[in-house]
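Each chain, letter by letter, is given below.
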Amino acid sequence: RKRLSDPKVSFSLERTLSFFASLSRTFINITYTSALTCGCFTRNFINKPTMRYKLESFESSVTASFVNKSNLCQLSWNGIPNKYRATCWKILCGYLPANLSRRESAIKRKRHEYMDFASKFHSYSSSLNPETLRQVQVDLPRTAPTLEIFQDARVRQCLERLLFTWAMRHPAASYVQGINDLITPLFVVFVSDECSDGDVDAFLLDDRDHSDLSVASSILQISTESLENVEADCYWCLTSILVRIQDHYTPDQPGIQRMVHQLEDIMTQINEELCDHLSRNGVAFITFAFRWMNCLLIRELSLKCIIRMWDSHLSEGGDGFENFHVYVCAALLDCFSEDLKRLTEFEDLISFLQKLPTSEWGKNEIEMLLSQAFVFRNLPNGKKAESPCVRKLRPSLMETLTQKLTSSRRSRRQSPERGR
């Protein structure tokens, strides 16, 4: 009792308990991710207790009087439930303040600020910068052409005003083809939050599906004010994302070239055989990876997969769309390594890389891809995991963890300070 009453001992005990609590949470996350990746959990097990715990965790985090952003990042990395995604994205982008009491006034002020200068820019668009406006108008029909939501006249008008306003407010980068693609995940998430309580799936139906009437009716029913709110929210969150990667869209796009070179370096370390195969057949990384960096894989993966991927990207802070995205691209390229090695003609390789067979990918595939990217980033000396395929992720992950623990124990045993 005397020792526990000592402030120093009490403080030390508190830190020890806190450490073990953090360690247990980390172990649970690793075990869950590994088991989920390897298919060790049944669908029923995931859907009932695990999902309920996940929803409760997000509920307590988002509705707290002051959001612990670090804790929210940890929760969001493994995927955000539809119900909380719009709010979480706004917080992670820095658009919504962490202080709950300030959110309503802050978002009202930012929305009013956006509509004020957007209406001014757009009303003089033909005289301010007609070339930029023309480029935006040319690109809008190409923006997610298979989704009916982006064929709606009011939605296109919102996107046109948003993109032109962004270009006018950021003259160093202005508007570059590809920025129109980056707005699609944000718009779908925020408009679904306004119309259907975050049910993103309702807005991702293909326009060839005749059951898509619910989407059209939802868009028609949404008020002009709500649509303008979505537009403002998209603008500020897009700005937050592009500020982190602004040199991707400046002249000569040095940021994208840097990421392409980084991808080539990573692939040389984890799959040198594939790199040699591409090189022998005259396939340079810049020919296919430039679009992967410019559009952040939005043209390679379905929008549903992109939204899940952005959960993790935003959780990485300012590094997600820059550094971590390169590892995601490396995992994607490595995933199709065997298919690429079977192709020996330049045209066949380019055709495959520009149209990857990912149209049937869903939640499981994108989560395995993200897990493999995480492993690649954390492997010592950039060496590859045991298996070249994401399906064998867990042995590689556990082997890496075991190696780190073993080396840590060995260093502690050899340390001369241990006895002291």
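This is a predicted model, so every value here is computed, not measured. (Residues numbered from 1 in each chain as written. Predicted model: local features only at pLDDT ≥ 70, side-chain atom pairs only at ≥ 80, totals over all residues. Heavy atoms only, no water.)

A. Focus on the overall build of the protein. Within the protein one finds 21 helices and zero strands. Looking at the protein residue by residue over its 420 residues, the buried ones come to 47%. Long-range pairs, those at least 24 residues apart, make up 71% of the contacts in the protein between residues at least 6 apart in sequence. Carbon and sulfur atoms provide 52% of the accessible area of the protein, an area that totals close to 21700 Å². (Helix = DSSP H or I, 4+ residues; strand = E, 2+ residues; numbered from the N terminus. Buried < 20%, exposed > 50% of the residue type's maximum accessible area, 1.4 Å probe, protein only. Contact = heavy atoms within 4.5 Å. Areas by Shrake-Rupley, 256 points an atom, 1.4 Å probe, with all protein chains shown as cover.)

B. Region of the structure containing the packing of helix 6 (residues 100-123) against helix 12 (residues 224-244). For the pair helix 6 and helix 12, the least separation of the axes is 9 Å and the interaxial angle reads 90°. By the angle between their directions, the pair helix 6 and helix 12 is classed as roughly perpendicular. Together, I107, K110, R111, E113, Y114, M115 and F117 of helix 6 and E228, N229, E231, A232, D233, Y235 and W236 of helix 12 make up the contact between the two elements. When its residues are assigned to classes, the contact of helix 6 with helix 12 shows seven nonpolar, one polar and six charged. (Axes fitted to C-alpha atoms, helices over the stretch in contact; angles between N-to-C directions. Parallel < 35°, antiparallel > 145°, perpendicular 65-115°, else oblique. Nonpolar A, V, L, I, M, F, W, Y, C, P; charged D, E, K, R; others polar.)

C. Seen up close, the packing of aromatic side chains. Applying the stated criterion across every chain yields a total of 15 aromatic pairs. A centroid spacing of 5.9 Å and a plane angle of 35° characterise the contact between W89 and W310, whose relative ring orientation is tilted. Of this pair, W89 sits in helix 5 (residues 82-92) while W310 sits in helix 16 (residues 303-315), and the two are 221 residues apart along the sequence. The pair formed by W89 and W310 is uniform in burial state, with each residue classed as buried. (Phe/Tyr/Trp six-rings, centres within 6.5 Å; stacked < 30°, edge-to-face > 60°.)

D. Molecular detail of the nonpolar core. Ranked by size, the top nonpolar core spans 114 residues in total, and within it F150, L186, F187 and W310 carry the most contacts. What F150 contacts, discounting residues up to four positions off in sequence, is T143, A144, V155, R156, L159, T184, F187, V188 and L303. (Core = buried A, V, L, I, M, F, W, Y, C linked by side-chain atoms within 4.5 Å.)

E. Here's a closer look at the pattern of salt bridges. Tallying each qualifying case throughout the model produces 16 salt bridges. Close ionic contact of R161 with E231 constitutes a salt bridge, the shortest N to O distance being 2.7 Å. In this pair, R161 sits in helix 9 (residues 153-169) while E231 sits in helix 12, placing the two residues 70 residues apart along the sequence. The two residues R161 and E231 agree in class, both being buried. In this structure, R258 engages D247 in a salt bridge whose closest nitrogen and oxygen atoms are separated by 3.1 Å. Here R258, found in helix 13 (residues 254-270), pairs with D247, found in the loop between helix 12 and helix 13; they are eleven residues apart in sequence, far enough to count as distant. Overall, R258 belongs to the partly exposed group, its relative accessible area being 39%. A residue is classified by how much of its surface remains accessible, and D247, at 25% relative accessible area, is partly exposed. Here the salt bridges share partners, and the residues they tie into one network are K90, R111 and D233. (Salt bridge = Lys/Arg side-chain N within 4 Å of Asp/Glu carboxyl O.)

F. Expanded view of the confidence of the model for the protein. Overall, the prediction assigns the protein a mean pLDDT of 80, with 72% of residues at 70 or greater. Here residues 28-48 scores under 50 on pLDDT; set against residues more than four positions off or in separate chains, the count is 26 contacts. Note on residues 207-213: pLDDT under 50 across the span, and nine contacts to partners over four residues away in sequence or across chains. (pLDDT = per-residue confidence, 0-100.)

G. Spatial organisation of unusual backbone geometry. Residue A144 is not a glycine yet carries a positive backbone phi of 45°. Along the chain, the position of A144 falls in the loop between helix 8 (130-139) and helix 9. Even without a glycine there, the phi angle at Q253 is positive, about 45°.

H. Seen up close, the environment of W236. Tracing the sequence through the fold places W236 in helix 12. Excluding residues within four positions of it along the chain, W236 makes contact with Y95, K110, R111, E113, Y114, F117 and R169. Side-chain polar atoms of W236 contact the backbone oxygen of K110, separated by 3.0 Å. (Polar contact = N/O pair within 3.5 Å; in protein donor to acceptor, adjacent residues only side chain to side chain.)

I. Here's a closer look at helix 17 (residues 320-335). In helix 17, a bend of some 25° at V326 exceeds every other bend along the element. Counting buried positions along helix 17 gives 14 out of 16 residues, so the element sits mostly inside the fold. (Bend = angle between axes of the 7 residues up to and from the residue.)

J. Representation of the environment of L296 in the model. In this structure, L296 sits in the loop between helix 15 (285-294) and helix 16. Ignoring sequence-local partners within four residues, the contact set of L296 consists of L182, I245, R291, I306, M309, W310, F321 and H325.

K. Quick peek at the side chain of E322. Counting through the fold element by element, E322 comes out in helix 17. By relative accessible area, E322 is classed as buried at 13%. One polar contact links E322 to H248, side chain to side chain, over a distance of 3.2 Å. When sequence neighbours within four positions are dropped, the list of residues in contact with E322 reads R244, I245, H248, R258 and M259.

L. Examining the packing of helix 16 against helix 20 (residues 363-378) more closely. Between helix 16 and helix 20, the least distance of the axes is 9 Å, while the angle of their chain directions is 35°. Judged by the twist between their axes, the crossing of helix 16 over helix 20 is right-handed. Counting all contacts with helix 16, which are made through C305, R308, M309 and S312, the residues of helix 20 involved are I366, E367 and L370. (Left-handed = near helix turned anticlockwise from the far one by under 90°.)

M. Examining the environment of P251 more closely. Of note, P251 is situated in the loop between helix 12 and helix 13. Given the relative accessible area of 65%, P251 is considered exposed. Each C-alpha atom, one on P251 and one on V176, is 9.7 Å from the other, the two residues being 75 residues apart in sequence.

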